[in-house]
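Listed below are the residues making up each chain.
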Amino acid sequence: MRSYQRRRGCAAAIVTVMSTASAQLSPELHEYLVAHGSPPDEVARDLIAETGRVLPDRAEMQISPEQGAFLTVLGRLLGVRSAVEVGTFTGYSALAIARGLAPGGRLLCCDISEDYTAVARRYWQRAGVADRIELRLAPALDTLRELSAEPSLDLSFIDADKEGYVGYWEEIVPRTRPGGVILVDNVFAGGRVVETDPDHTAVQAIQQFNEHALADERVELVMLPLSDGVTLARKR
Ligand SMILES: C[S@@+](CC[C@H](N)C(=O)[O-])C[C@H]1O[C@@H](n2cnc3c(N)ncnc32)[C@H](O)[C@@H]1O
């Protein structure tokens with residue numbers, strides 16, 4: 001399990017929680033799990049490798065390969081035509097979501113870093129999914145508030161600054177269609193979510209978010225022990 005860490009983004013200081021490995025599996029079982037799901041293809045492998053090489057102290061922000069497979073398969077199951085991602089980084093999760101879109105489907109990506117997302121754009125192009133993705137470089141809350149109020153989103157993935165989660169949730173839930181799904185990453189806060197009175201603001205933010213989502217009667221929830229914990233919410 002990767003440790004909980006404080007990190008700074010290029011475009012703005014962010015505090016986030018990262019762990020690409022599973023919080024509860026032995027290394028052997030985790031390796032087995034990864035080896036028995038659909039593996040990343042060459043483009044995804046190259047993206048993962050470049051992120052590790054160019055941004056070695058930030059690469060942990062990237063989702064894990066098993067999360068990538070999960071995003072693609074879930075998208076295909078849902079027949080996603082309209083998706084939103086909050087927190088794009090170098091583009092691996094967006095690539096996974098874009099590959100699961102239904103024909104004609106679109107993904108809107110929200111990030112504030114031109115540097116990180118320049119890497120993303122190259123790989124989306126190479127994977128042939130760039131025409132399905134719109135990237136908006138602005139605080140995600142502003143981007144989400146500009147979206148139509150219609151409940152038209154099929155799938156959303158929240159994976160940006162943890163202190164912003166409740167705000168992102170409150171913009172996304174009303175815009176999600178009945179039966180649509182919202183995924184939220186890092187809900188284990190690197191395992192620290194069970195601490196009493198944690199001293200880290202991002203851990204506190206995750207705790208507050210998890211309680212907020214639990215109390216929200218507009219959705220039904222399941223918290224999956226996938227990597228650093230992923231909440232799957234289905235809009236009623
Ligand atoms: C954990 S990383 C996302 C990882 C990405 N989902 C992946 O799998 O590669 C968090 C991202 O959120 C972005 N971010 C931080 N604060 C933000 C904000 N207020 N609005 C939009 N993006 C933000 C950072 O620039 C960073 O790229």
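First, a word on what this report is: a plain description of the structure on this page. (Residues numbered from 1 in each chain as written. Predicted model: local features only at pLDDT ≥ 70, side-chain atom pairs only at ≥ 80, totals over all residues. Heavy atoms only, no water.)

### Considering the nonpolar core
With 31 residues, the main nonpolar core has Leu 107, Trp 124, Leu 155 and Leu 183 as its most contacted residues. Of all the elements, helix H4 (residues 92–99) adds the most residues to this core, at 6 residues. Excluding residues within four positions of it along the chain, Leu 155 makes contact with Leu 74, Gly 75, Leu 78, Val 80, Ser 82, Ala 83, Val 84, Ile 97, Val 181 and Leu 183. Membership of the second largest hydrophobic core comes to 27 residues, among which are Leu 147, Ile 172, Val 203 and Phe 209. (Core = buried A, V, L, I, M, F, W, Y, C linked by side-chain atoms within 4.5 Å. Buried < 20%, exposed > 50% of the residue type's maximum accessible area, 1.4 Å probe, protein only. Helix = DSSP H or I, 4+ residues; strand = E, 2+ residues; numbered from the N terminus. Contact = heavy atoms within 4.5 Å.)

### With respect to the packing of aromatic side chains
Here the distance between the centres and the angle between the planes together describe a pair of aromatic rings. Scanning all chains against the criterion turns up 3 aromatic pairs. Ring geometry for Phe 89 versus Tyr 116: centroids 4.8 Å apart, planes at 80°, classification edge-to-face. With Phe 89 in the loop between strand E1 (82–86) and H4 and Tyr 116 in helix H5 (residues 114–127), this residue pair connects regions lying 27 residues apart in the sequence. We note that Phe 89, like Tyr 116, is buried. For the ring pair Tyr 165 and Phe 209, a centre distance of 5.6 Å and an interplane angle of 85° mean the geometry is edge-to-face. Taken together, the positions of Tyr 165 in helix H7 (residues 165–172) and Phe 209 in helix H8 (residues 201–214) put the pair 44 residues apart, joining distant regions of the chain. (Phe/Tyr/Trp six-rings, centres within 6.5 Å; stacked < 30°, edge-to-face > 60°.)

Don't take any of this as a statement about function, it's just geometry.
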